[in-house]
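A structural walkthrough
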Amino acid sequence: MGRMAKGGVPGWQPTALQEARRRRGLTQAALAERVGLSRTAIANYERSGGFAPPPAVLLGLARTLDCRPEELIQPGRRTLKVLRALAGLSQAEVVAQTRNMKVSQFRSVEQGRVRRLHAADAADLARALGVTITEVVDAHRQSILEFSEKKQDLSGT
């Protein structure tokens, strides 16, 4: 998946936003007004190499454009960060819905740095993210895979 602004939705597709906006017959300014953003923010989200919106904005854009949030991001790898973005939650908001996790622990799990996800934590995350435990486990595996790939790229092997 491509690079994104810190906190932005992974796999953000600027052209998907632009196409969805045009299908609804909206200008950037009209979409911005309906979502409560500036026209410049919408322009930045639509620009290739621009910014990716945070999860909560993704949900607002999808609602306003009458589409699923998944339609605005690249299909394919569903990591924990993608599941969190689709739920429209920050890391702190996810952790607040768990029994034992701290933000730093969740961040490491989400990044794929932690290989073991306890069953109780997987169940808590599934409930917080509105998905099944299987989806959480699969997304965690994908997060680990992407972290391993990044480490290999950095080490040059």
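Because the structure is a prediction, the values reported are computed rather than measured. (Residues numbered from 1 in each chain as written. Predicted model: local features only at pLDDT ≥ 70, side-chain atom pairs only at ≥ 80, totals over all residues. Heavy atoms only, no water.)

**With respect to the overall build of the protein**
Across its full length, the protein holds nine helices and zero strands. Ordering the α and β elements of the protein from the N terminus gives α-α-α-α-α-α-α-α-α. A globule of 157 residues ought to have a C-alpha radius of gyration of about 15 Å, and the protein, at 16 Å, matches this closely. When the backbone C-alpha atoms are referred to their principal axes, the protein occupies close to 45 × 40 × 25 Å. Within the span of the protein, comprising 157 residues, buried residues form 45% of the whole. (Helix = DSSP H or I, 4+ residues; strand = E, 2+ residues; numbered from the N terminus. Rg over C-alpha atoms; globule rule 2.2 N^0.38 Å. Buried < 20%, exposed > 50% of the residue type's maximum accessible area, 1.4 Å probe, protein only.)

**Quick notes on the nonpolar core**
One finds Trp-12, Leu-17, Leu-31, Tyr-45, Leu-61, Leu-65 and Leu-72 to be the most contacted residues of the largest nonpolar core, which totals 23 residues. Listed by contribution, the elements that provide at least two residues to this core are helix 1 (14-23), helix 2 (28-35), helix 3 (39-46), helix 4 (55-65) and helix 5 (80-87). Broken down by element, the residue count for this core peaks at five residues, all from helix 4. Not counting residues up to four positions away in its chain, the partners in contact with Tyr-45 are Trp-12, Pro-14, Leu-17, Leu-37, Phe-51, Ala-52, Pro-53, Pro-54, Val-57 and Leu-61. One finds Val-94, Leu-117, Ala-122 and Leu-125 within the second-largest nonpolar core, a separate group that totals 17 residues. (Core = buried A, V, L, I, M, F, W, Y, C linked by side-chain atoms within 4.5 Å. Contact = heavy atoms within 4.5 Å.)

**Quick notes on the confidence of the model for the protein**
Confidence in the prediction for the protein averages 90 pLDDT; 93% of positions are at 70 or higher. By mean pLDDT, the top-scoring element of the protein is helix 2 (97), and the lowest-scoring one is helix 9 (residues 133-155) (88). The low-confidence segment residues 1-6 (pLDDT under 50) makes 14 contacts with residues lying over four places distant or belonging to another chain. (pLDDT = per-residue confidence, 0-100.)

**Some words on the environment of Gln-105**
Relative to the assigned elements, Gln-105 resides in helix 7 (residues 103-111). Relative accessible area serves as the criterion here: at 32%, Gln-105 is assigned to the partly exposed category. Sequence separation between Gln-105 and Val-95 is 10 residues; the distance between their C-alpha atoms is 9.2 Å.

**Examining the packing of aromatic side chains**
Here the structure, examined in full by the defined rule, presents one aromatic pair. Measuring from ring centre to ring centre gives 6.3 Å for Trp-12 and Tyr-45, while their planes differ by 70 degrees; the resulting arrangement is edge-to-face. Of this pair, Trp-12 sits in the segment before helix 1 while Tyr-45 sits in helix 3, placing them 33 residues apart in sequence. You'll find Trp-12 and Tyr-45 in the same group, each marked buried. (Phe/Tyr/Trp six-rings, centres within 6.5 Å; stacked < 30°, edge-to-face > 60°.)

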